[in-house]
Amino acid sequence: MAKEKILVIGASGQIGVELTLALRKIYGEAQVVASDLREENNLLKGTGPYVSLDVMNKEMLHVQVIRQNVTQIYLLAAILSATGEKNPGLAWHLNTQSLLNVLDIAREEQLQKVYWPSSIAVFGPTSPKNNCPQQTIIEPTTVYGISKYAGEFWCKYYHQRFGVDVRSIRYPGLISYKSSPGGGTTDYAVEIFQEAIEEKSYTSFLGADTYLPMMYMPDAIRATIELMESDAKKISIRTSYNVAAISFSPGDIAAEIKKHIPDFTIAYKPDYRQQIAESWPQSIDDSVARKDWGWKHEYDLPRITADMLNNLQS
Ligand code: NAD
Ligand code: AKB
């Protein structure tokens with residue numbers, strides 16, 4: 001069997017850095033080409049090939065796919081929920097056109113697989129708040145959510161119509177210490193750890209009782225790789241899979257941090273992101289992913305908190 005050659009687009013971002021490193025461990029350093037519009041992230045330097053690439057330039061993307069003998073693409077470039085509301089046209093354009101460019105090239109070059117993440121942001125105020133199911137009312141109110149929902153149906157369309165093996169997960173908010181988050185509504189759950197260590201205080205842009213579905217990055221990376229390595233016969237969802245781990249609020253996470261840093265204090269000053277958070281479900285039903293390809297999360301809030309503080313302190 002020919003060796004896989006993977007192109008990661010958006011590799012310098014919050015997920016891209018850790019996903020690229022994880023893929024390099026599995027497939028070999030030379031087999032995973034990292035690419036981004038911005039400069040190579042420091043953690044990636046010296047770990048494998050890097051190319052500067054704008055995913056919106058379809059011709060250049062196509063050239064790279066052919067030149068590098070790419071067999072799989074992981075597309076991570078996007079504008080997230082909070083930044084998207086500042087420039088809706090740009091968010092729509094990047095989030096949808098990047099996907100169409102990749103799907104077209106995957107079809108033309110008969111790539112083996114494509115990965116493209118969706119988000120819990122597809123759900124809106126009319127979706128169930130608790131244990132939000134895989135299939136339900138979906139009426140997103142952010143441009144980010146609209147672009148993700150449209151993208152899910154493009155994935156399904158390219159799969160059904162052209163046989164492109166594109167797979168997707170609706171990630172919850174992701175917590176990580178290796179690379180910073182890039183403009184989402186759930187970014188508070190990363191900032192709070194950094195500020196707890198540096199300032200012993202944090203002002204949250206979401207209210208104390210704002211519950212959202214969240215996940216630790218090692219779980220998200222494992223979910224991604226497990227989905228991509230699953231037998232195609234097990235994949236019953238060709239839009240995007242609900243996956244879940246835990247749900248917590250800024251109040252919960254502050255209480256957990258206090259167990260490690262007793263003089264930590266938190267204040268609340270909700271801004272425009274509060275409305276976005278309130279439009280999303282508080283928890284997600286991921287039973288279909290659990291049944292189809294055996295998804296199971298490992299990290300709960302106490303474990304995430306201890307690991308984040310340990311790693312950020314060192
Ligand atoms: P991020 O903003 O940290 O990273 C995105 C990367 O894409 C950045 O490094 C950016 O420079 C790059 N990029 C932007 N425009 C580009 C272009 N034209 N060409 C090439 N690269 C470009 O985002 P992330 O948090 O790593 O998210 C990755 C994917 O996962 C996105 O699709 C996002 O919607 C999805 N997602 C993320 C989360 C989360 O909590 N991080 C949750 C749900 C879904
Ligand atoms: C965001 O807050 O925009 C992201 C997401 C949940 O998609 N973290």
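Cut-offs used in this document
- Throughout this description, residue numbers start from 1 for each chain and increase along the sequence as written.
- Chain A is the first chain written and ligand 1 is the first ligand written, with later ones labelled in order.
- Only residues with pLDDT of 70 or above have their local features reported here, since the model is predicted, and side-chain atom pairs are shown and tallied only from 80 upward, although totals for entire chains, interfaces and linings are computed over all residues.
- Derived side-chain values reflect all non-hydrogen atoms in the structure, with water molecules and hydrogen atoms excluded from consideration.
- Burial classes follow relative accessibility: with a 1.4 Å probe on protein chains only, a residue under 20% of its type's maximum area counts as buried, one over 50% as exposed, and anything between as partly exposed.
- Per the convention used, a helix needs a DSSP run of H or I reaching at least four residues, while a strand needs a run of E reaching at least two, with both numbered from the N terminus.
- At least two bridges found by DSSP between two strands are what make those strands a pair.
- Of the grid points, spaced at 1 Å and generated over the protein atoms alone, those admitting a 1.4 Å probe that cannot get out make up cavities, while open sets with protein on both sides within 12 Å along at least five of seven lines make up pockets; any residue with an atom within 4 Å of a point is treated as lining.
- Grid points are joined across faces, edges and corners, and a volume is the space filled by probe spheres set on the points.
- Ten residues, namely Ala, Val, Leu, Ile, Met, Phe, Trp, Tyr, Cys and Pro, are considered nonpolar, four, namely Asp, Glu, Lys and Arg, are considered charged, and the remaining ones, Gly among them, are considered polar.
- In this entry, domain limits derive from an automatic or database-based domain assignment.
- For each residue, the test is whether any non-hydrogen atom lies within 4 Å of the molecule or strand; if one does, the residue is near.
- Here a polar contact is recorded for every N or O atom pair within 3.5 Å, except that within protein the pair must consist of a potential hydrogen donor and a potential acceptor, and residues adjacent in sequence are included only if both atoms are side-chain atoms.
- Per-residue accessibility takes into account occlusion by the displayed protein chains alone, with areas from the Shrake-Rupley method and a 1.4 Å probe.
- For a molecule to be placed in a cavity or pocket, more than half of its atoms must lie within 2 Å of the grid points of that cavity or pocket.
- Two residues qualify as a contact provided that any one of their heavy atoms is within 4.5 Å of a heavy atom in the partner residue.
- Two parts placed together each lose some accessible area under a 1.4 Å probe, and the buried area is that loss summed for both.
- Salt bridges are defined as contacts in which a side-chain nitrogen from Lys or Arg sits within 4 Å of a carboxyl oxygen from Asp or Glu.
- Angles here are taken between N-to-C directions and fall from 0 to 180 degrees, while the axes themselves are lines fitted to C-alpha atoms, restricted in helices to the stretch in contact.

What follows concerns the pairing of strand S10 (residues 201–204). Burial along S10 is one-sided: the residues Tyr202 and Ser204 are buried and none of Ser201 and Thr203 is. By the bridge criterion, 4 bridges tie S10 to strand S14 (residues 265–268) in an arrangement that is parallel. Opposite Thr203, over in S14, you have Ala267 as the bridge partner.

To find leftover empty space, a probe the size of one water molecule is rolled over the atoms. Here the largest pocket is characterised by a volume of approximately 850 Å³. If you go around the largest pocket, you meet 39 residues; those closest to its centre are Leu76, Ala77, Ala78, Ile79 and Leu80. Among the elements that line the lining of the largest pocket, the one with the most residues is helix H1 (residues 14–27), at 3 residues. Each residue belonging to the lining of the largest pocket can be placed in one class, and the counts come to 21 nonpolar, 13 polar and 5 charged. Lining the second largest pocket are 16 residues, with Glu18, Ala22, Lys178, Pro218 and Ile221 sitting closest to its centre. Elements with a minimum of two residues in the lining of the second largest pocket: H1 and helix H7 (217–229). A total of 5 residues in the lining of the second largest pocket trace back to one element, the largest contributor, which is H7. Taken together, domain 1 (6–172 + 216–242) and domain 2 (174–214 + 245–313) each give at least three residues to the lining of the second largest pocket, which thus spans both.

Here the focus is the site of ligand 2. As a structural note, the neighbourhood of ligand 2 is formed by Leu80, Ser81, Ser119, Ile120, Tyr144, Gly184, Thr185, Thr186 and Trp280. In the environment of ligand 2, an oxygen atom lies 2.7 Å from a nitrogen or oxygen atom belonging to the backbone of Thr185. Taken by itself ligand 2 offers 250 Å² of open surface, and the protein chains cover 94% of this. In this structure the site holding ligand 2 corresponds to the largest pocket. In terms of residue class, the shell around ligand 2 is built from 4 nonpolar, 5 polar and no charged. Split by domain, the residues of the shell around ligand 2 number at least three in each of domain 1 (6–172 + 216–242) and domain 2 (174–214 + 245–313).

The next thing to look at is the domain arrangement of the protein chain. The domain boundaries assigned to the protein chain delineate domain 1 (6–172 + 216–242) and domain 2 (174–214 + 245–313). Summarising the inter-unit geometry, the C-alpha centres of domain 1 and domain 2 are found 23 Å apart. Each side of the interface is counted separately: domain 1 has 46 residues, and domain 2 has 40 residues. Buried surface at the junction of domain 1 and domain 2, both sides included, amounts to about 3,700 Å², of which 59% is carbon and sulfur. Our enumeration of links across domain 1 and domain 2 arrives at 1 salt bridge. Counting only elements with at least two residues in the side of domain 1 that touches domain 2, the list comes to H1, helix H3 (81–86), strand S8 (169–171), H7 and strand S12 (241–242).

A few words now on the site of ligand 1. Near ligand 1 lie 27 residues; those nearest to it are Gln14, Asp36, Asp54, Tyr144 and Lys148. At a separation of 3.0 Å, an oxygen atom of ligand 1 approaches a polar side-chain atom of Arg38. Notes on ligand 1: free accessible area 820 Å², of which the protein chains cover 93%. In a pocket analysis with a 2 Å cut-off to the grid points, ligand 1 is assigned to the largest pocket. Elements supplying a minimum of two residues to the shell around ligand 1: H1, strand S6 (118–119), helix H5 (143–162) and strand S9 (173–175). When its residues are assigned to classes, the shell around ligand 1 shows 15 nonpolar, 8 polar and 4 charged.

As a further point, take the sheet that holds S9. Reading across the sheet, the 3 strands line up as S9-S11-S13 and stay open at both edges, with mixed pairing between neighbours. The sheet is open, and its two borders are formed by S9 and strand S13 (246–248), each paired with just one other strand. Between one strand axis and the next, the sheet turns through 45 degrees on average, direction left out of account. As judged from the 3 bridges shared by S9 and strand S11 (residues 212–216), these two strands associate in the parallel manner. Within S11, the residue paired with Gly173 across the bridge is Met214. Packed onto the sheet, H7 meets S9 and S11 and runs at close to 80 degrees relative to S11.

On to the pattern of salt bridges, then. It is possible for side chains bearing opposite charge to pair when their charged atoms get close. This structure, assessed with the given rule, holds 12 salt bridges. For the salt bridge of Asp165 with Arg167, the shortest nitrogen-to-oxygen distance reads 2.9 Å. Under the relative-accessibility criterion, Asp165 is labelled buried at 13%. Each of Asp219, Arg222, Glu226 and Glu298 takes part in one network of salt bridges that share partners.

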